[in-house]
Amino acid sequence: MNSDRQPPAQPGQSVFRNWISFIGMVVAIGALFSFLLLYVLDALSKFSNPYVSILTYLGVPAFLIGGILLAFVGAGRERRRRSRGSGPASLQIDLNRPRDRRVLVTFIAGSVVFLLLTAIGSYNAFNFTESVTFCGETCHTVMKPEKTTHDLGPHARVACVECHVGKGVSWFVKSKISGSYQLYSVAFKKYPTPIGTPIRNLRPARETCEECHWPQSFVGNLDRTFNYFQSDASNSPYAIRLLLKIGGSDPRQGPVGGIHWHNLPGNKVEYIATDKERLKIPWVRVTDAQGKVTVFKTKNFTNDVNTMEMRTMDCMDCHNRPSHRYLSPEKAVNQQMALGHIDPTIPWIKTNAVYVLTRPYKTDDEATNAIAAALAAKYPNDSRIQAATATLQQIYAEYFFPEMKANWASYPDNVGHMIWPGCFRCHDGQHKTEDRKTTIKASDCNTCHTILAQGAGDELNQLSPGGQKFIHPGGDLDENPTCTDCHTGGP
Ligand code: HEC
Ligand code: HEC
Ligand code: HEC
Ligand code: HEC
Ligand code: HEC
Ligand code: HEC
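Read on for an overview of the structure.

Reading the values: rules and limits
- Residues numbered from 1 in each chain as written.
- Chains lettered and ligands numbered in written order.
- Predicted model: local features only at pLDDT ≥ 70, side-chain atom pairs only at ≥ 80, totals over all residues.
- Heavy atoms only, no water.
- Pairing = 2+ DSSP bridges.
- Helix = DSSP H or I, 4+ residues; strand = E, 2+ residues; numbered from the N terminus.
- Axes fitted to C-alpha atoms, helices over the stretch in contact; angles between N-to-C directions.
- Donors = N, O, S within 2.8 Å, 3.2 Å for Na, K, Ca; no water.
- Tetrahedral: all angles 85-135°; square planar, octahedral: opposite > 155°, others 65-115°.
- Buried < 20%, exposed > 50% of the residue type's maximum accessible area, 1.4 Å probe, protein only.
- Salt bridge = Lys/Arg side-chain N within 4 Å of Asp/Glu carboxyl O.
- Expected span 1.5 Å × (residues − 1).
- Near = heavy atom within 4 Å.
- Polar contact = N/O pair within 3.5 Å; in protein donor to acceptor, adjacent residues only side chain to side chain.
- Nonpolar A, V, L, I, M, F, W, Y, C, P; charged D, E, K, R; others polar.
- Domains from an automatic or database assignment.
- Contact = heavy atoms within 4.5 Å.
- Phe/Tyr/Trp six-rings, centres within 6.5 Å; stacked < 30°, edge-to-face > 60°.
- Lys NZ or Arg CZ within 6 Å of the ring centre and 35° of its normal.
- Core = buried A, V, L, I, M, F, W, Y, C linked by side-chain atoms within 4.5 Å.

1. Side note on the sheet that holds strand E5 (residues 293-297)
Working definition: the strands of a sheet are paired by backbone hydrogen bonds and lie parallel or antiparallel to each other.
Part 1 of the argument: Judged by pairing direction, the sheet is antiparallel, and its 4 strands sit side by side in the order E5-E4-E3-E6 without closing on themselves. Each having just a single partner strand, E5 and strand E6 (310-312) make up the two edges of the open sheet. Ignoring strand direction, the axes of neighbouring strands in this sheet form an average angle of 20°.
Part 2 of the argument: Pairing geometry for strand E4 (residues 283-287) and E5, over 5 bridges, is antiparallel. Bridging from a neighbouring strand, arginine 285 pairs with valine 295 of E5.

Okay, structure coming up:
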């Protein structure tokens, strides 16, 4: 006879009185707790982050349901056990017994620690979804191009969510949908390569940029030198020094106008694009501060504008790549040659460098090896080629992403006009008023920028504040040249 024998189960004793069910209940309570915490954090946070919502409305409830299920599993086992032997309820707590007291204290202490850890865990998970690591590295292959270019650009210290997750209710809904869709598409490899752009739901709004950049305060000019090396045996250098007339809109601080004229308070520039990338813009309407409306269009455009989507021009119509800029092979090589990282005295190096960068590689590794092999074969006894090879491999790693098919050619950059239509989408001399008498102004080479100097060597020291006539190294050009007809950024 066992003196420790416990009394048989009372008929009314709940089948939930067993350890498994208790643990299930603690998990469920923890989940509930974490749900409330995340809900409050999300409500208080600056942004409505889609991933927090996923965590709150999908992740945490999964634990809640898991906990409840566990409680029922425990109950089911308990019922079977009782009906077999009709033994006592497996969980009897008698506070008079020291062992039971210890077990109970341990259980309560364990539960409290568990709830605390849940709180800390939820809080950290919340912070993690806002971090650049989460956005850029969680789905490593998919976001690698955007993460890499972001880290190299002027916005490296601006978190992804600062631009991509807006404020307000409409953004909440938008980003939640696209956030969940992204998780789904990554999990099931349904994403397109390259990732299409502009992604409407993810595309920042003008208010986003104006959190940090106050358009009224833009004043003055920006002096930039563009260095080139031509595709001949001696890689002939050529440079153009431009004074970009960014302009401003605060009459107390400087003259009003210039490139940022489009966004002056009071001015409204609307346009219609006939393609998804918004590269073809046949129709533009300007409403100025006095309310005067002017329409400019190309000769062949006769569509009914009322049936077409109209867009008001904002920062992103020019700065569409503020954070993810893929330098063209031409530009990246010119830059590194100008800096001397690729020795410009190696014969034909400009042409060969652009060539090796633009072969159709399948992976980073393949490219790294092939670039080294091709250059070693071309320049067998030239010690200068090692540094050039390393630099080219680095260029490849920073601006080419074969797995995602992302590179300069996949994403148009609208600031400029040399390899993408950019400003020339409207300023090409073809957009005129109905009577075809007036063209959009600012279509000659010295209106948006002044050509201060051009050429090589000493020519670059003779500055012309009034601007020089453009000398095209590739031969004479038409009156309204379309640079993109010949320049692509590649070979
Ligand atoms: C300064 C603002 C800004 C920041 C910061 C930023 N982005 Fe972007 N991102 C943009 C804009 C603008 C576009 C739209 C580009 C377009 O329409 O051509 C974009 C586009 C994208 C796209 C679509 C594909 C593409 O390249 O066009 C992805 C994916 C993306 N960003 C991911 C990220 C990730 C991940 C981070 C953080 C590592 C990040 N972004 C940080 C502004 C930003
Ligand atoms: C959270 C703040 C923040 C936001 C939001 C932000 N930027 Fe910036 N931006 C910066 C900082 C900081 C710099 C670097 C300034 C510097 O280096 O002097 C910068 C630099 C720039 C530059 C100059 C780049 C260059 O090559 O010199 C441009 C253009 C720009 N931002 C456009 C944008 C656009 C367009 C948006 C909206 C999509 C945007 N920014 C959103 C903070 C921000
Ligand atoms: C019509 C095209 C256009 C629009 C619209 C536009 N920008 Fe710019 N912006 C430029 C150009 C061109 C430059 C010269 C620098 C460059 O090439 O990146 C520039 C320069 C800048 C700079 C760098 C200034 C400096 O001194 O380094 C910032 C910041 C900037 N823009 C922010 C904005 C913001 C914010 C908006 C929206 C309110 C905006 N831009 C709208 C074309 C535009
Ligand atoms: C969607 C069409 C469109 C695009 C794209 C565009 N512009 Fe404009 N821009 C206009 C219109 C329209 C005007 C007003 C022309 C007029 O009144 O004759 C204008 C005016 C200007 C002016 C004269 C401002 C003044 O002081 O009067 C400059 C400079 C300018 N744009 C530069 C640029 C640059 C640089 C880019 C590319 C980064 C660019 N624009 C892209 C439509 C556009
Ligand atoms: C509507 C304004 C506008 C007009 C008109 C214009 N440009 Fe530009 N140009 C720009 C802007 C903006 C950039 C880009 C600066 C940058 O990349 O930061 C640029 C860049 C350039 C560059 C350097 C390109 C590169 O990426 O290497 C050259 C060269 C140039 N322009 C020549 C010309 C010539 C020649 C003409 C006359 C046929 C002309 N531009 C007319 C706005 C204009
Ligand atoms: C009919 C074709 C054609 C057109 C249109 C054209 N280019 Fe070129 N361009 C060339 C050729 C060819 C070269 C010589 C390339 C070389 O030797 O590397 C060249 C060279 C250049 C160079 C010297 C740097 C280099 O890459 O070699 C610049 C800068 C340049 N062009 C700017 C422009 C601009 C800006 C426009 C538009 C206003 C333009 N080009 C329009 C064919 C053209």
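Alright, that's what it looks like, and here's the rest.
2. Focus on the coordination of the iron atom of ligand 4
Part 1 of the argument: Looking at the iron atom of ligand 4, the protein donor atoms are His262 (NE2) and His427 (NE2), and they sit 1.9 to 2.0 Å from it.
Part 2 of the argument: Seen from the iron atom of ligand 4, its 6 donor atoms lie at angles of 87 to 179°, and the figure they make is octahedral. Of this pair, histidine 262 sits in the loop between strand E2 (237-244) and strand E3 (268-272) while histidine 427 is found in the loop between helix H12 (385-399) and strand E7 (449-455), placing the two residues 165 residues apart along the sequence.
Part 3 of the argument: Looking at histidine 262, the relative accessible area reads 18%, which means it is buried.
Part 4 of the argument: Using a relative accessible area of 15% as the deciding quantity, one classes histidine 427 as buried.

3. Quick notes on the pairing of E3
Part 1 of the argument: Burial analysis of E3 places 4 of its 5 residues in the buried class, which makes it a mostly covered element.
Part 2 of the argument: Pairing between E3 and E6: 3 bridges, direction antiparallel. Bridge assignment links tyrosine 271 to a residue of E6, and that residue is arginine 311.

4. With respect to the pattern of salt bridges
Part 1 of the argument: According to the stated counting rule, one finds 15 salt bridges in the structure shown.
Part 2 of the argument: Across the pair glutamate 78 and arginine 82 runs a salt bridge whose closest N-O atoms are separated by 3.1 Å. Here the residue glutamate 78 and the residue arginine 82 both occupy positions in helix H2 (residues 50-85), the gap between them amounting to 4 residues, near one helical turn. Arginine 82 shares its class with glutamate 78; the two are buried.
Part 3 of the argument: Across the pair aspartate 364 and lysine 144 runs a salt bridge whose closest N-O atoms are separated by 2.6 Å. Note that aspartate 364 is positioned in helix H11 (residues 364-378) and lysine 144 in helix H5 (residues 140-152), a separation of 220 residues in sequence.
Part 4 of the argument: Taking the relative accessible area as the measure of exposure, lysine 144 reaches 25% and is therefore partly exposed.
Part 5 of the argument: Among the charged side chains, a network of salt bridges with common partners joins Glu78, Arg81 and Arg82.

5. Points about the coordination of the iron atom of ligand 6
Tetrahedral coordination by four donors puts the ideal angle at the metal at 109.5 degrees, and octahedral coordination by six puts it at 90 or 180 degrees.
Part 1 of the argument: Donor atoms from the polypeptide that bind the iron atom of ligand 6 are His472 (NE2) and His487 (NE2), placed at 1.9 Å.
Part 2 of the argument: Coordination geometry of the iron atom of ligand 6: the 6 donor atoms subtend angles of 88 to 180° at the metal centre, consistent with an arrangement described as octahedral. In this pair, histidine 472 is assigned in the segment after E7 and histidine 487 in the segment after E7, connecting sequence segments 15 residues apart.
Part 3 of the argument: Looking at histidine 472, the relative accessible area reads 22%, which means it is partly exposed.

6. A closer look at the pairing of E7
Part 1 of the argument: In terms of burial, E7 is largely enclosed, as 7 of its 7 residues are buried.
Part 2 of the argument: Pairing geometry for E2 and E7, over 6 bridges, is antiparallel. Bridge assignment links leucine 243 to a residue of E7, and that residue is threonine 450.

7. What about H12?
Part 1 of the argument: Its 15 residues place the ends of H12 21 Å apart at the C-alpha level, agreeing with the 21 Å of an ideal helix rising 1.5 Å per residue.
Part 2 of the argument: Taken together, the buried positions of H12 are occupied by Ile385, Ala388, Thr389, Thr391, Leu392, Ile395, Tyr396, Glu398 and Tyr399.

8. What to know about the site of ligand 2
Part 1 of the argument: Close to ligand 2 lie Pro154, His155, Val158, Glu162, Thr208, Cys209, Cys212, His213, Met316, His319 and Pro322.
Part 2 of the argument: Between histidine 155 and ligand 2, the recorded distance is 2.7 Å, taken from a side-chain N or O atom to a nitrogen atom.
Part 3 of the argument: Histidine 213 has a polar side-chain atom sitting 2.7 Å from a nitrogen atom of ligand 2.
Part 4 of the argument: Its residues assigned to classes, the shell around ligand 2 shows 6 nonpolar, 4 polar and 1 charged.
Part 5 of the argument: For the shell around ligand 2, the two domains that each supply at least three residues are domain 2 (132-203) and domain 3 (216-322 + 413-485).

9. Comments concerning the environment of glycine 220
Part 1 of the argument: In this fold, glycine 220 is placed in the loop between helix H8 (206-210) and strand E1 (222-229).
Part 2 of the argument: C-alpha of glycine 220 to C-alpha of leucine 244: the two residues are 24 residues apart in sequence and 8.6 Å apart in space.
Part 3 of the argument: Beyond its immediate sequence surroundings of up to four residues, glycine 220 is in contact with Leu244, Lys245, Ile246 and Gly247.

10. Overview of the packing of aromatic side chains
Part 1 of the argument: In the structure shown here, the tally under the stated rule is 10 aromatic pairs.
Part 2 of the argument: Pairing phenylalanine 16 with phenylalanine 72 gives two aromatic rings, centres 5.3 Å apart and planes at 80°, and the pair type is edge-to-face. With phenylalanine 16 in the segment before helix H1 (19-44) and phenylalanine 72 in helix H2, this residue pair connects regions lying 56 residues apart in the sequence.
Part 3 of the argument: Taken together, the aromatic side chains of Tyr361, Tyr396, Phe400 and Trp408 make up a single cluster linked through ring pairs.
Part 4 of the argument: Lying over the aromatic face of tyrosine 355, arginine 359 brings its terminal NZ or CZ to 3.8 Å of the ring centre.

11. Some details on the nonpolar core
Part 1 of the argument: Formed by 33 residues in total, the largest nonpolar core has its most connected members in Val333, Leu357, Ile371, Leu392 and Ile395.
Part 2 of the argument: When contributions to this core are tallied by element, the ones reaching two or more residues are helix H9 (329-338), helix H10 (349-357), H11 and H12.
Part 3 of the argument: With 6 residues, the single largest contributor to this core is H12.
Part 4 of the argument: For valine 333, the contacting residues outside a window of four places in its chain are Ile342, Lys350, Ala353, Val354, Leu357, Leu392 and Ile395.
Part 5 of the argument: Counting residues in each nonpolar core, the second largest holds 9 residues, with Val269, Tyr271, Phe296 and Ile440 among its members.

12. A few points about the site of ligand 3
Part 1 of the argument: Contacts to ligand 3 come from 19 residues, most closely from His260, Asn263, Cys315, Cys318 and His319.
Part 2 of the argument: The side chain of histidine 260 places a nitrogen or oxygen atom 2.7 Å from a nitrogen atom of ligand 3.
Part 3 of the argument: Histidine 319 is positioned with one of its side-chain polar atoms (N or O) 2.7 Å from a nitrogen atom of ligand 3.
Part 4 of the argument: Sorting the residues of the shell around ligand 3 by element identifies H8 and E1 as the ones contributing at least two each.
Part 5 of the argument: With 3 residues, the single largest contributor to the shell around ligand 3 is H8.
Part 6 of the argument: For the shell around ligand 3, a count of residues per class yields 10 nonpolar, 5 polar and 4 charged.

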